[in-house]
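One letter stands for each residue in the lines below.
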Amino acid sequence: MREILVGAEGAGQRLDKYLQKYMAKAPGSFFYKMLRKKNITCNKKKCDGSERLAEGDRIQLFLSEETIENFRRQPAARKQFPVTKLDILYEDAQVLLINKPAGMLSQGAGEGEPSLVEYLLGYLLASGKITQEALRSFRPSICNRLDRNTSGLVTAGKTQAALRELSLVFRERTVKKYYLCLVKGKAAQAGRLEGWLVKNEETNQVRVYQQPREGAAKICTAYAPLSYGNGTTLLKVELITGKTHQIRAHMADLGHPVIGDGKYGDERINRRYREQYGVSSQLLHGWQMEFPKAFGALSGLSGKRAEAPLPEVFQRVLEGEGIHIN
């Protein structure tokens with residue numbers, strides 16, 4: 001008999017899903033048969049597989065070691081994850097908040113380039129907060145994405161429970177997300193933009209329409225000017241829906257493209273900022289998140305507001321242009 005102690009990273013998973021990761025070569029029917037015959041139990045009790053695991057639960061496998069090992073993946077060379085210094089703004093046993101730099105992918109694009117997800121795993125392994133063995137049943141990951149060249153706040157779940165609860169609050173839009181961006185022209189008044197967004201997968205560009213159309217996603221963006229100077233406006237933007245390139249496309253559609261945006265921006269003004277300040281990406285930053293009252297895995301973030309400091313180049317531009325965050 002083998003007994004498995006469920007750690008924090010496995011808490012929140014269904015028993016059957018956990019078993020399928022632990023013995024990846026076994027067919028699903030095998031587990032349900034073993035559960036029904038009480039050859040697999042949890043905390044010495046009969047289960048059907050739908051139970052949610054908690055940290056400290058003990059799974060009993062009344063199977064031969066040969067059977068268990070035959071159904072497990074063959075030991076492979078341990079995957080090495082890159083390690084880099086992450087700007088971690090908050091961390092507890094369940095979640096992390098990271099200030100992602102511009103230029104870093106949020107998730108892998110299938111081209112072998114490391115992303116924030118790989119750097120997250122590298123950090124957790126190097127710091128001893130997760131083991132290679134634990135990664136066989138669960139992988140921590142991020143819960144919200146930013147464009148490669150957008151900097152700012154990204155949330156990550158270290159446990160299954162945290163990932164599930166973070167995904168829920170983002171899906172239900174109970175987390176308020178605020179961005180800072182510097183745009184062309186004078187946006188004198190606050191506003192709320194609505195429209196329908198269509199993405200061209202081939203060009204990785206989007207287009208905003210004022211009327212619904214087939215395949216379009218409804219989008220909503222609110223904004224308020226914070227400061228104006230030298231032909232540009234610093235905006236605080238609330239992302240009410242969250243779609244690809246939403247802020248960049250919506251502001252360009254309004255006539256106020258984001259400075260430094262190579263896809264939707266004004267090349268003439270981008271050139272000035274590139275030459276004068278070294279701006280190489282859009283001046284768009286995931287600035288703040290306000291979390292709802294929460295319990296369980298998100299209790300450490302309950303009712304809190306997190307803020308990510310601006311990148312150095314963004315601060316340099318604001319100081320050089322005489323623009324201040326009021």
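The structure contained in this document is the topic of the report that follows. Since the model is a prediction, treat every value here as computed from it, not as a measurement. (Residues numbered from 1 in each chain as written. Predicted model: local features only at pLDDT ≥ 70, side-chain atom pairs only at ≥ 80, totals over all residues. Heavy atoms only, no water.)

Side note on the packing of aromatic side chains
The description of two aromatic rings rests on the distance between their centres and on the angle between their planes. Definition in use: We call Phe, Tyr and Trp rings a pair once their centres come within 6.5 Å, taking the six-membered ring for Trp, and we label the pair stacked below 30 degrees between planes, edge-to-face above 60, and tilted otherwise. Categorising residues by exposure relies on relative accessible area from a 1.4 Å probe, with only protein chains included: less than 20% of the type maximum marks a residue as buried, more than 50% marks it as exposed, and the intermediate range marks it as partly exposed. Only DSSP runs of H or I covering at least 4 residues are called helices, and only runs of E covering at least 2 are called strands; the numbering of each starts at the N terminus.
Using the criterion set out here, one finds three aromatic pairs in the structure. Centre to centre, the rings of Phe30 and Phe31 are 5.6 Å apart; their planes meet at 75°, and the pair counts as edge-to-face. In this pair, the class of Phe30 matches that of Phe31, namely buried. Between Phe30 and Phe71, the aromatic rings sit 4.7 Å apart at their centres with planes inclined by 55°, giving tilted as the arrangement. Taken together, the residues span a long stretch of sequence, with Phe30 in helix 2 (residues 28-36) and Phe71 in helix 3 (residues 65-71) at a distance of 41 residues. With a relative accessible area of 15%, Phe30 lands in the buried category.

Overview of the packing of helix 1 (residues 15-22) against helix 2
Formally: To define axes, lines are fitted to C-alpha atoms, for helices over the stretch in contact only, and angles between the resulting N-to-C directions are given on a 0 to 180 degree scale. An angle counts as roughly parallel when it lies under 35 degrees, as roughly antiparallel when it exceeds 145, as roughly perpendicular when it falls between 65 and 115, and as oblique in every other case. Take the far helix as your reference; a near helix turned counterclockwise from it by less than a right angle gives a left-handed crossing, and one turned clockwise gives a right-handed crossing. Note on contacts: a residue pair is in contact if any heavy atoms of the two residues lie within 4.5 Å. Under the grouping applied here, Gly and all other residues not named as nonpolar or charged are polar, the nonpolar ones being Ala, Val, Leu, Ile, Met, Phe, Trp, Tyr, Cys and Pro and the charged ones Asp, Glu, Lys and Arg.
Two numbers describe how helix 1 lies on helix 2: the axes approach to 10 Å, and their chain directions differ by 125°. The angle between the axes of helix 1 and helix 2 places the two elements in the oblique class. Crossing of helix 1 against helix 2: the hand is right-handed. Touching Leu15, Asp16, Leu19 and Gln20 of helix 1 are Gly28, Phe31, Tyr32 and Leu35, all from helix 2. Per-class residue counts for the contact of helix 1 with helix 2 are five nonpolar, two polar and one charged.

Regarding the side chain of Thr232
Within the secondary structure, Thr232 is located in strand 12 (residues 232-239). Given the relative accessible area of 0%, Thr232 is considered buried. For Thr232, the contacting residues outside a window of four places in its chain are Leu182, Val183, Lys184, Gly185, Ser227, Ile259, Ile269, Tyr273 and Ile323.

Describing the sheet that holds strand 3 (residues 58-61)
So the rule is basically this: Note on pairing: two strands pair once DSSP finds at least 2 bridges between them.
Strand order in the open sheet formed by three strands is 1-3-2, and the pairing between neighbours is antiparallel. In this open sheet, the two strands that pair with only one neighbour each are strand 1 (2-5) and strand 2 (40-42). Neighbouring strand axes in the sheet, compared pairwise and without regard to direction, differ in orientation by 20° on average. When strand 1 meets strand 3, the two strands line up antiparallel, connected through four bridges. Looking at the pairing, Leu5 lines up with Arg58 of strand 3. The strands touched by helix 1 within the sheet are strand 1, strand 2 and strand 3, with strand 3 carrying the most contacts at an inclination of about 60°.

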